[in-house]
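# Tertiary structure, described
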Amino acid sequence: MGKLVPKLYDLIMAPIEKKRFKRVRSELLSYADGHVLEIGSGTGVNFPLYQNVKSVTAVEPDETMKNRSMEKITHSKVPIEVQLAYAENLPFDDHQFDSVVVTLALCTIQDVNQALSEMRRVVTPGGQVMFFEHVKLNDSTVGKLQDLLTPVWKKVAGGCHLNRDSLTLIKEAGFEVTDVDHMYKGLFLVIKAKNP
Ligand SMILES: C[S@@+](CC[C@H](N)C(=O)[O-])C[C@H]1O[C@@H](n2cnc3c(N)ncnc32)[C@H](O)[C@@H]1O
C-alpha cells in the first residue's frame with residue numbers, strides 16, 4: 001500500500017467520519033458481542049467505539065496501518081490486539097469468534113471470496129457478521145463510472161475497488177443477511193448477517 005495512504009487516511013476521512021460515519025460505526029459495533037474478530041482494521045478507527053465485548057482481535061496486513069492503530073488501542077474500553085495477517089488466510093481456529101466486523105475493507109481485499117469463506121470458518125454458527133461498505137451501484141451511470149474509475153482508483157487508494165458488489169458476494173458466501181441499511185442512495189451499505 002505504500003506509506004502515503006496510511007499517513008493520510010485519518011486526515012482525509014476526518015470530515016465524513018465526524019459528520020456521519022462515526023455514528024454509523026458506533027451503531028453497527030453495538031451488535032458485536034463476545035470475542036470479536038475485526039478484518040482489515042487499518043488505522044484502528046473502530047477501536048475506541050467498541051463497548052461491552054469480551055475482546056477484539058484485529059487482522060491488518062499493512063504494517064504502517066497497524067502501527068498507526070496502536071495509539072487508538074490506548075483509548076479503547078476493551079482488550080484489543082492486532083495481528084499482521086490477511087483475511088484470505090486467517091491464523092485462527094474454526095468457530096473461534098462470536099462476531100466478525102468488517103468496515104470499508106471488503107472493497108480492498110484481493111481475494112474477497114476466499115476472505116468471506118475464512119470469516120465463515122472462524123465465526124461460530126449463529127454468530128453475527130457485520131459490514132459497512134461502499135458498493136457498486138447497478139444499472140446506472142454511476143455504476144458504469146465506478147467500473148471505469150476502478151483501475152486507476154485501485155492504484156492510488158491502496159487496492160480499493162469502487163465497483164464491488166459486496167452484498168451479493170456476502171450472500172453467495174452463505175451468510176444469512178438479516179438487515180441492510182442504505183446510505184447515500186445505496187452507495188454505502190450497512191449489512192448485518194449471520195453465519196447460519
Ligand atoms: C480503507 S481501509 C479501512 C480501514 C478500517 N477498516 C476503517 O474502517 O477505517 C482498508 C483496510 O483493509 C486492509 N486490507 C487490504 N487487504 C487486506 C486483506 N487481504 N486482508 C485484510 N485486510 C486487508 C488494508 O490494509 C486497509 O487497512
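None of the values given here were measured: they were computed from a predicted structure.

On to the packing of aromatic side chains, then. A full pass over the atoms with the stated rule returns six aromatic pairs. Aromatic pair F21 and F132: ring centres 4.9 Å apart, planes at 90°, arrangement edge-to-face. Here F21, found in helix α1 (residues 4–29), pairs with F132, found in strand β5 (residues 123–134); they are 111 residues apart in sequence, far enough to count as distant. Both residues of the pair, F21 and F132, count as buried. Taking the centre distance of 5.8 Å and the plane angle of 70° together, the rings of Y184 and F188 count as edge-to-face. Judged by its relative accessible area of 32%, Y184 falls in the partly exposed class. An aromatic cluster of at least three residues, connected via ring pairs, comprises F21, F132, Y184 and F188. Note that R120 overlies the ring of F175, its terminal NZ or CZ placed 5.9 Å from the centroid. Taking NZ or CZ as reference, K192 lies 4.3 Å from the ring centre of Y31, over its face.

Turning next to the environment of V101. Tracing the backbone through its elements, the reader meets V101 in strand β4 (residues 97–103). Taking relative accessible area as the criterion, V101 reaches 0% and is therefore assigned buried. Through-space distance from the C-alpha of V101 to that of Q128 is 8.5 Å; in sequence the pair is 27 residues apart.

Quick look at the site of the ligand now. Around the ligand, the surrounding shell holds 19 residues, and the nearest of these are R25, G40, E60, E88 and T103. In the model, a nitrogen atom of the ligand is placed 2.7 Å from a nitrogen or oxygen of the G40 main chain. At 2.9 Å, a backbone N or O of A87 approaches a nitrogen atom of the ligand. When the ligand sits alone it has 590 Å² of accessible area, and the protein chains cover 92% of it. Of the residues in the shell around the ligand, the class split is ten nonpolar, five polar and four charged.

What follows concerns unusual backbone geometry. Phi is positive for L104, which is not a glycine, with a value near 50°. With respect to the element layout, L104 can be found in the loop between β4 and α3 (112–122). You will see that Y184, though not glycine, has its phi angle at about 45°, which is positive. Relative to the helices and strands, Y184 resides in the loop between β6 (176–183) and β7 (188–194).

In this numbering, the UniProt entry assigns the feature "domain: Methyltransferase type" (unreviewed entry) to residues 37–131. Along residues 37–131, the helical share is 23% and the strand share 29%, with 12 Å between the first and last C-alpha atoms.

Here the focus is the side chain of Q146. With respect to the element layout, Q146 can be found in helix α4 (residues 141–156). A distance of 2.8 Å separates the side chain of Q146 from the backbone nitrogen of L137, its partner in a polar contact. In contact with Q146, not counting residues within four places along its chain, are V135, K136, L137, L162, N163 and L187.

Of all five residues in strand β1 (residues 35–39), four are buried; the element is thus mostly enclosed. The sheet contact formed by β1 and strand β2 (residues 55–59) spans five bridges and is parallel. Pairing of E38 across the sheet is with A58, part of β2.

Turning to α4, a few remarks are in order. For α4, built from 16 residues, the straight-helix expectation of 22 Å at 1.5 Å per residue is met to within 8% by its first-to-last C-alpha distance of 22 Å. Along α4, the sharpest kink reaches roughly 50°, centred on T150 and followed within four residues by the proline P151. For α4, the complete set of buried residues consists of G143, Q146 and T150. Of the residues flanking the end of α4, it is G158, one or two places downstream, whose phi is positive at about 60°.

Conventions we followed
- Position numbers for residues start from 1 in each chain and track the written sequence from start to end.
- Whole-chain, interface and lining totals are the exception, using all residues; otherwise, since this is a predicted model, local features are given only for residues with pLDDT of at least 70 and side-chain atom pairs are given and counted only at 80 or more.
- The side-chain quantities take in all heavy atoms of the structure and omit both hydrogens and water.
- Two aromatic rings from Phe, Tyr or Trp, using only the six-membered ring of Trp, form a pair when their centres are within 6.5 Å; if the ring planes differ by under 30 degrees the pair is stacked, by over 60 it is edge-to-face, and anything between is tilted.
- Numbering of helices and strands runs from the N terminus, with a helix taken as a DSSP run of H or I at least four residues long and a strand as a DSSP run of E at least two residues long.
- Residue exposure (1.4 Å probe, protein chains only): buried if accessible area is under 20% of the type maximum, exposed if over 50%, otherwise partly exposed.
- Here, a charge over a ring means that NZ of Lys or CZ of Arg falls within 6 Å of the ring centre while also lying within 35 degrees of the ring normal.
- For this purpose, a residue is taken to be near a molecule or strand whenever a single non-hydrogen atom of the residue falls within 4 Å of it.
- Polar contacts here mean pairs of N or O atoms no more than 3.5 Å apart (in protein, one a potential hydrogen donor and the other a potential acceptor; neighbouring residues in sequence count only if both atoms are side-chain atoms).
- Surface accessibility follows the Shrake-Rupley procedure with a 1.4 Å probe radius. Residue values consider only the protein chains on display as shielding.
- The classification used treats Ala, Val, Leu, Ile, Met, Phe, Trp, Tyr, Cys and Pro as nonpolar, Asp, Glu, Lys and Arg as charged, and all other residues, Gly among them, as polar.
- UniProt positions are given in the numbering used here, feature names are shortened, and annotations may be inferred rather than shown by experiment.
- When checking whether two residues touch, look at their non-hydrogen atoms; a contact exists if any pair is within 4.5 Å.
- DSSP calls a pair of strands paired once it identifies at least 2 bridges connecting them.
- To estimate how far a helix should extend, the number of its residues minus one is multiplied by 1.5 Å.
- Across the chain, bend at a residue is computed as the angle between axes fitted to the seven residues ending at that point and the seven starting from it.

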